[in-house]
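Here's the letter readout for the chains.
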Amino acid sequence: MTDEALRDGELSLEPTSGSAEFHGFAVLIDEERVGTVALRPDGRREGSIRWNLGDHGSFAASRALRLGIQHAFTELGWERVWAQVDVDDTTDLRSASLAGLRREGVTRRSGAPDRVLVGRLIDDPPALSREGFVSILNAGLPRKRVIAQGLLRDEHDRVLLCELTYKREWDLPGGVIEVGESPGTGLVRELHEELGITVDLGALVTMNWLPPWREWDDACLFVFDLGRIDAATVEDMELQRTEIAGVHWCDLEAARAHATGATVELLEALEAGELPAYREAPLQPE
């Protein structure tokens, strides 16, 4: 690699060591040493990259990383470069993202901070191109858990609640939406899978943000109106027994006795006529 290839303006990499097991560089800014970058092959035409630029910020670190990654691809013949960064190290995570390393997952560790696994392939689009920028954002931005539930009533204005196998509290019928699936489509699918019924999707009643609760992460909950059916219809439902232990028609008093706190709060707001289009559920007791 030429000196020019190891330079980005006033920032450059100066090789300090090189062997089959390790390639080290000093990071220089205006010829002053400010940190290090190191490449370690793992024998499969790929390897890891590590860096330490102290307090010189994400932008300087990302420039140094880009030079190191390019060296790995063009001079060492690697096809993938990866790194592990502590989940709480926002500076290094930003540096990695700006250098074109995409978030690939999280590796868990006992007794130590979990680490985010980031990586870059030799044929990934340039980090500073539009395609590369969008790909990096898509890999790193939060992906909210989305839930869709339905308000299904009988002729007595009772609401159908499901008794679940995996938690004590009863809840509205519905479930978690799959990747790339709309909330409405997912709700229709869930009711067909879990209750054996086909419903007509009505209007959106409210969108409810749920804070983290017990082991669950936070979520966006879409609640749709599913109209009314005859109370006796439940006798013909084909329940998915791995998830649904039973179904029950409930008035508000019964819901208060059995349902989740978020569901009770929603039904109380609905009965009081105080249900806005967007809501944030309060923290629920453990």
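Throughout what follows, the structure given in this document is the object of discussion. Predicted model only: the values in this text are computed from it and were never measured. (Residues numbered from 1 in each chain as written. Predicted model: local features only at pLDDT ≥ 70, side-chain atom pairs only at ≥ 80, totals over all residues. Heavy atoms only, no water.)

Some points on the pattern of salt bridges
Taken as a whole and assessed by the stated rule, the structure comprises 23 salt bridges. For R80, the salt bridge identified is with E104, shortest N-O distance 2.6 Å. Taken as a pair, R80 in strand β6 (residues 80–86) and E104 in strand β7 (residues 102–107) lie far apart in primary sequence, 24 residues in all. Among the residues examined, R80 registers a relative accessible area of 15% and is labelled buried. (Salt bridge = Lys/Arg side-chain N within 4 Å of Asp/Glu carboxyl O. Helix = DSSP H or I, 4+ residues; strand = E, 2+ residues; numbered from the N terminus. Buried < 20%, exposed > 50% of the residue type's maximum accessible area, 1.4 Å probe, protein only.)

Side note on the packing of helix α1 (residues 57–74) against helix α2 (residues 90–98)
Orientation of α1 relative to α2, taken along the N-to-C sense of each, is 45 degrees, at an axis distance of 8 Å. Taken together, the axis directions place α1 and α2 in an arrangement best described as oblique. Here α1 runs over α2; the crossing is right-handed. Mapping the contact onto sequence places G57, S58, A61, S62, L65 and R66 in α1 and T91, R94, S95, A96 and L98 in α2. Residues that form the contact of α1 with α2 fall into these classes: 4 nonpolar, 5 polar and 2 charged. (Axes fitted to C-alpha atoms, helices over the stretch in contact; angles between N-to-C directions. Parallel < 35°, antiparallel > 145°, perpendicular 65-115°, else oblique. Left-handed = near helix turned anticlockwise from the far one by under 90°. Contact = heavy atoms within 4.5 Å. Nonpolar A, V, L, I, M, F, W, Y, C, P; charged D, E, K, R; others polar.)

So, the nonpolar core
Within the largest apolar cluster, 30 residues are counted, with the highest numbers of intra-cluster contacts made by L13, V27, I49 and W51. Contributions of two or more residues to this core are made by β2 (11–18), β3 (23–29), β4 (32–41), β5 (46–52), α1, β6, α2 and β8 (115–121). Here this core gets 8 residues from one element, more than from any other, and that element is α1. Each residue touching I49, except ones within four places of it in the same chain, is listed here: V37, A38, L39, L65, G68, I69, V81, W82 and A83. (Core = buried A, V, L, I, M, F, W, Y, C linked by side-chain atoms within 4.5 Å.)

Section: the pairing of strand β13 (residues 219–228)
As paired elements, strand β9 (residues 145–153) and β13 share 8 bridges and run parallel to each other. Note that in β13 the partner of L151 across the bridge is D225. Direction of pairing for strand β12 (residues 204–210) relative to β13: antiparallel, over a ladder of 6 bridges. Residue pairing across strands places L210 opposite A219, the latter belonging to β13. (Pairing = 2+ DSSP bridges.)

Things to note about the sheet that holds β6
Pairing in this open sheet of 8 strands is mixed, and the strands run β1-β2-β3-β4-β5-β6-β8-β7 from one edge to the other. For this open sheet the edge positions go to β1 (7–8) and β7, each flanked by a neighbour on one side alone. As judged from the 2 bridges shared by β1 and β2, these two strands associate in the antiparallel manner. What sits directly across from R7, in β2, is S12. On top of the sheet, α1 reaches β1, β2, β3, β4, β5, β6 and β8; it is set at about 50 degrees to β2, its chief contact.

Any link to function would need more than the numbers given here.
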